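Report on the structure
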Amino acid sequence: MEINAQKRGSKLYAALTGELDQHSAEKVRIMLDTLIHDITVRELTLDLSGVTFMDSAGLGVVLGRYKKIQMRGGKVIVTGVSASVDRIFRMSGIYTLVERR
Amino acid sequence: MNLQNYTEVAFSALSQNETFARAVVASFAAQLNPTIEQLSDLRTAVSEAVTNAIIHGYEQDASKLVRMECRIDGDILTVTVRDDGCGIADIALARRPFYTSKPELERSGMGFSVMEAFMDQVQVESVPGKGTTVTMSKQIRHGD
Ligand SMILES: Nc1ncnc2c1ncn2[C@@H]1O[C@H](COP(=O)(O)OP(=O)(O)O)[C@@H](O)[C@H]1O
Ligand SMILES: [Mg+2]
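Let us look at the structure shown here.

Here is what the cut-offs are and how they apply
- Residue numbering note: each chain is counted from 1, following its sequence as written.
- For this description, chains carry letters from A and ligands carry numbers from 1, given in the order in which they are written.
- Local features in a predicted model are, by the rule used here, given only for residues with pLDDT of at least 70; side-chain atom pairs are given and counted only at 80 or more, and totals for whole chains, interfaces and linings are based on all residues.
- Side-chain measures here rest on the full set of heavy atoms in the structure, leaving out hydrogens and waters.
- Definition of nearness: a residue and a molecule or strand are near each other if at least one heavy atom of the residue lies within 4 Å of the molecule or strand.
- Pairing of N or O atoms within 3.5 Å defines a polar contact, subject to two protein rules: one partner must be a possible hydrogen donor and the other a possible acceptor, and residues neighboring in sequence count only if both atoms are side-chain atoms.
- Secondary structure elements are defined from DSSP: runs of H or I of at least 4 residues count as helices, runs of E of at least 2 residues count as strands, and each element is numbered from the N terminus.
- Asp, Glu, Lys and Arg are counted as charged, while Ala, Val, Leu, Ile, Met, Phe, Trp, Tyr, Cys and Pro are counted as nonpolar; the rest, among them Gly, fall into the polar class.
- Only buried Ala, Val, Leu, Ile, Met, Phe, Trp, Tyr and Cys residues count toward a nonpolar core, and they belong to the same one when joined by side-chain atoms within 4.5 Å.
- For every residue, the accessible area (1.4 Å probe, protein chains only) is compared with the maximum for its type, and the residue is labelled buried under 20%, exposed over 50%, or partly exposed between those bounds.
- In this description, contact between two residues means that some pair of their heavy atoms is separated by no more than 4.5 Å.
- Salt-bridge detection follows one rule: a side-chain nitrogen of Lys or Arg within 4 Å of a carboxyl oxygen of Asp or Glu.

**Topic: the site of ligand 1**
All names here are of chain B. In the neighbourhood of ligand 1, 19 residues make up the surrounding shell, with Asn52, His56, Thr100, Ser101 and Gly109 lying closest. Measuring from an oxygen atom of ligand 1, one finds a side-chain N or O atom of His56 at 2.8 Å. Sorting the residues of the shell around ligand 1 by element identifies helix 2 (36-57) and helix 4 (111-118) as the ones contributing at least two each. The element best represented in the shell around ligand 1 is helix 2, accounting for four residues. The residue inventory of the shell around ligand 1, partitioned by class, reads seven nonpolar, ten polar and two charged.

See the structure below:
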């Protein structure tokens, strides 16, 4: 799993590439938390268009980052959501917390 | 057509084997000519069951083995994922959406719900202290 990130002002854009399962989740979590450690980040966009596989471990990763960003009054956006990932997101009700674009 | 076929694999309870387990199921299912969506459903459901065996059943003890059996009966694919780990005391509670015993691992508690949504049938058998067997099946009809 690779992450390509760009920051513009208070907005952080992170593009994930690869498989997001329990095995890669911890590494992804650490990489994303390092990026959002910068408290000026108020909007995190996770681009999942390069994610070739995701199960509920990925849901945990997104929810965990949401909790951190939300604590500082910021927001999380997901883009590039595949049909399978969308199904997991919808059944979890995550779209009431995280915006899909 | 009444195709019958069977395979089984055993692998160490290491999370890097999740990719391997998904690949085994996908290649075995290929003979049923599944759609890309059906393959994706299978891979996701199997990933959930295998992850559970590794992180819950065995607490990531790499000396333990997860066993996976795949069976084809006509156009039905059945996957069984078995561990001889800690077992589940309350299966109904475990299957409830959002229930997780490992929130510290950022688990969402949606694993069983994902298996149920992506497969036609999911059966869970478990004995505390003995282990857990998850049996899941899905009809694979091309052009569904
Ligand atoms: N193979 C297993 N062995 C022991 N406990 C399990 C097993 N599979 C699931 N469980 C229990 O069921 C709960 C719910 O599982 P699941 O829906 O996959 O959510 P999660 O994995 O996110 O916790 C787990 O938190 C765990 O307590
Ligand atoms: Mg699980």
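**Here's the deal with the side chain of Lys102 of chain B**
Position of Lys102 of chain B among the secondary structure elements: in the loop between helix 3 (91-95) and helix 4. Within polar-contact distance, the side chain of Lys102 of chain B engages the side chain of Glu59 of chain B at 3.0 Å.

**Topic: the nonpolar core**
Counting residues in each nonpolar core, the largest one holds 66 residues, and the members touching the most others are Leu46 and Phe89 of chain A together with Met68, Leu77 and Met136 of chain B. No other element matches the eight residues that helix 2 of chain B contributes to this core. Excluding its chain neighbours within four sequence positions, the residues that come into contact with Leu46 of chain A are Ala14, Leu16, Leu32, Val62, Val76, Ile77, Val78 and Thr79 of chain A.

**Observations concerning the pattern of salt bridges**
Residues and elements named next belong to chain A. Considering all chains together, one arrives at 20 salt bridges over all chains under this definition. Where Asp86 meets Arg90, a salt bridge forms, and the shortest distance between an N and an O atom there is 2.9 Å. Separated by four residues within a single helix, Asp86 and Arg90 lie in helix 3 (residues 83-92), roughly one turn from each other. Overall, the relative accessible area of 10% leaves Asp86 in the buried class. The exposed category is assigned to Arg90, whose relative accessible area is 51%. When the shortest N-O distance is used, the salt bridge between Asp86 and Arg100 registers 3.0 Å. On the criterion of sequence distance, the pair formed by Asp86 in helix 3 and Arg100 in strand 5 (residues 99-100) is long-range, its members being 14 residues apart.

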